[in-house]
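# Observations on the three-dimensional arrangement
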Amino acid sequence: MLQYFRGRTAFLDASVMQHRHTVGDMLHHAKIVRDHDQRHARVCRADGAECLQNPHACGHVDGAHRLVGKNDARIVHYGTRDGHTLHVDTVGVDTWETPYELVSKMRASISVLGPLVARFGKARVAMPGGCNLGARKIDMHMVGMEALGVHFHTDHGYIEASTPNGLHGAYVALDFPSVGATENTMMCAVTAKGQTVIENAAREPEIEDLANMLNSMGARISGAGTAEIIIDGVELSSLHPCEHSTVGDRIEAGTFLVGGALTGGPVTVRGIDPSFLRMALMKLSAMGCSIDVGDDSITVSRKGPLLPTDIQTLPHPGFPTDLQAQFSALACTAAGTTLVVENLFET
């Protein structure tokens with residue numbers, strides 16, 4: 001793969017998986033999906049047919065398809081040379097339980113908890129599985145929703161949620177700006193009576209993208225992308241289907257850019273907002289790379305040797321933990337000592 005990069009200019013699309021015999025095809029299996037696997041589970045919320053543009057063609061998304069399909073949602077995936085469109089019809093969804101055999105394989109599967117409770121007032125979801133990257137406890141998910149009136153009970157590997165007194169708005173202060181806990185609390189609060197304030201909320205671009213999609217469905221959310229998110233609850237019946245195009249995957253884009261930095265490039269990634277990767281681009285520049293940005297593109301190249309730098313992972317807008325491994329590999333070829341500190345996961 002690296003030899004294919006060397007001495008060539010690569011144009012890669014971070015928002016659409018390109019099926020073509022180029023570098024994009026060579027890197028098909030190197031794609032790192034961050035948040036888009038969860039997005040398909042979120043359409044459990046409203047009756048009707050959702051249209052999602054730019055979903056990723058990968059195993060985690062396929063797993064989300066099967067998970068939503070198990071709940072009797074109708075899913076049609078249209079793929080072309082230039083993009084993908086996913087149509088999801090949830091009119092037939094009448095169950096609030098998710099199967100263990102699917103949920104146990106994906107960490108992101110916990111994201112169905114908030115939408116199911118918001119729609120049905122209850123849920124039975126198997127404990128999430130997936131990659132073993134530290135504890136990643138779901139306590140904050142449950143604490144946030146408990147403030148909204150959700151009661152939880154765990155039994156034989158399942159989380160059982162109920163709302164005997166209905167959902168109500170609340171002030172929720174997260175101990176840590178967890179992306180998953182922010183998403184679940186926000187989705188659950190959409191149909192809660194009154195106003196919900198999430199303090200110390202995650203600020204990742206995917207949070208803002210989710211809020212934009214929910215607002216297109218009739219939700220009333222403001223402040224997404226900042227540390228304070230405000231949700232004014234609406235009636236479930238007022239929610240409706242929407243058409244939404246997902247944002248480019250910043251971790252996927254960052255992975256391609258590290259490949260360009262390693263080989264010298266130039267490599268251009270298109271379909272990504274450069275502001276999503278501001279800290280990672282600063283580190284690439286500090287390591288001796290030249291960075292050129294456009295409205296929705298980033299180009300990396302390098303003529304001199306790689307230089308050492310220090311990296312600390314932090315919640316967004318800090319350096320993303322999901323790019324730590326890639327930058328650690330890059331640092332192995334730098335002329336000097338690089339200190340990498342992982343602050344989010346203990347392993």
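This structure is a prediction, so every number in the text was calculated from the model and none was measured.

The rules behind these values
- Residues numbered from 1 in each chain as written.
- Predicted model: local features only at pLDDT ≥ 70, side-chain atom pairs only at ≥ 80, totals over all residues.
- Heavy atoms only, no water.
- Axes fitted to C-alpha atoms, helices over the stretch in contact; angles between N-to-C directions.
- Helix = DSSP H or I, 4+ residues; strand = E, 2+ residues; numbered from the N terminus.
- Parallel < 35°, antiparallel > 145°, perpendicular 65-115°, else oblique.
- Contact = heavy atoms within 4.5 Å.
- Nonpolar A, V, L, I, M, F, W, Y, C, P; charged D, E, K, R; others polar.
- Pairing = 2+ DSSP bridges.
- Left-handed = near helix turned anticlockwise from the far one by under 90°.
- Buried < 20%, exposed > 50% of the residue type's maximum accessible area, 1.4 Å probe, protein only.

## Some remarks on the packing of helix 6 (residues 113-120) against helix 8 (residues 179-189)
At a closest axis distance of 8 Å, the pairing of helix 6 and helix 8 adopts a crossing angle of 10°. In this view, helix 6 runs roughly parallel relative to helix 8, as classed from their interaxial angle. Between helix 6 and helix 8, the contacting residues are Leu113, Gly114, Pro115, Val117 and Ala118 on the first element and Asn184, Met187 and Cys188 on the second. Grouping the amino acids of the contact of helix 6 with helix 8 by side-chain chemistry returns six nonpolar, two polar and no charged.

## Quick notes on the sheet that holds strand 7 (residues 158-162)
Reading across from one edge, 5-7-6 is the order of the three strands in this open sheet, with antiparallel pairing throughout. The sheet is open, and its two borders are formed by strand 5 (122-126) and strand 6 (151-155), each paired with just one other strand. Adjacent strand axes in the sheet meet at a mean angle of 15° when their direction is disregarded. Two elements, strand 6 and strand 7, share five bridges in a ladder whose sense is antiparallel. Considered in strand 7, the bridge of Thr154 is made with Ile159. Across the face of the sheet, helix 6 comes into contact with strand 5, strand 6 and strand 7 while running at roughly 155° to strand 5.

## Some thoughts on the packing of helix 7 (residues 139-147) against helix 8
Remark: helix 7 packs on helix 8, axes separated minimally by 8 Å, with the N-to-C direction vectors making an angle of 25°. One way to sum up the angle between helix 7 and helix 8 is to call them roughly parallel. Here helix 7 runs over helix 8; the crossing is right-handed. Contacts from Met140, His141, Gly144 and Met145 in helix 7 reach Gly180, Ala181, Asn184, Thr185 and Cys188 in helix 8. Of the residues contributing to the contact of helix 7 with helix 8, the split by class is four nonpolar, five polar and no charged.

## Some words on the environment of Phe276
When you line up the elements, Phe276 lands in the loop between strand 13 (267-270) and helix 11 (278-286). What makes Phe276 buried here is its relative accessible area of 17%. Through-space distance from the C-alpha of Phe276 to that of Glu206 is 9.7 Å; in sequence the pair is 70 residues apart. Sequence-distant contacts of Phe276, that is, excluding residues within four places in its chain, are made with Pro205, Val247, Gly248, Arg250 and His316.

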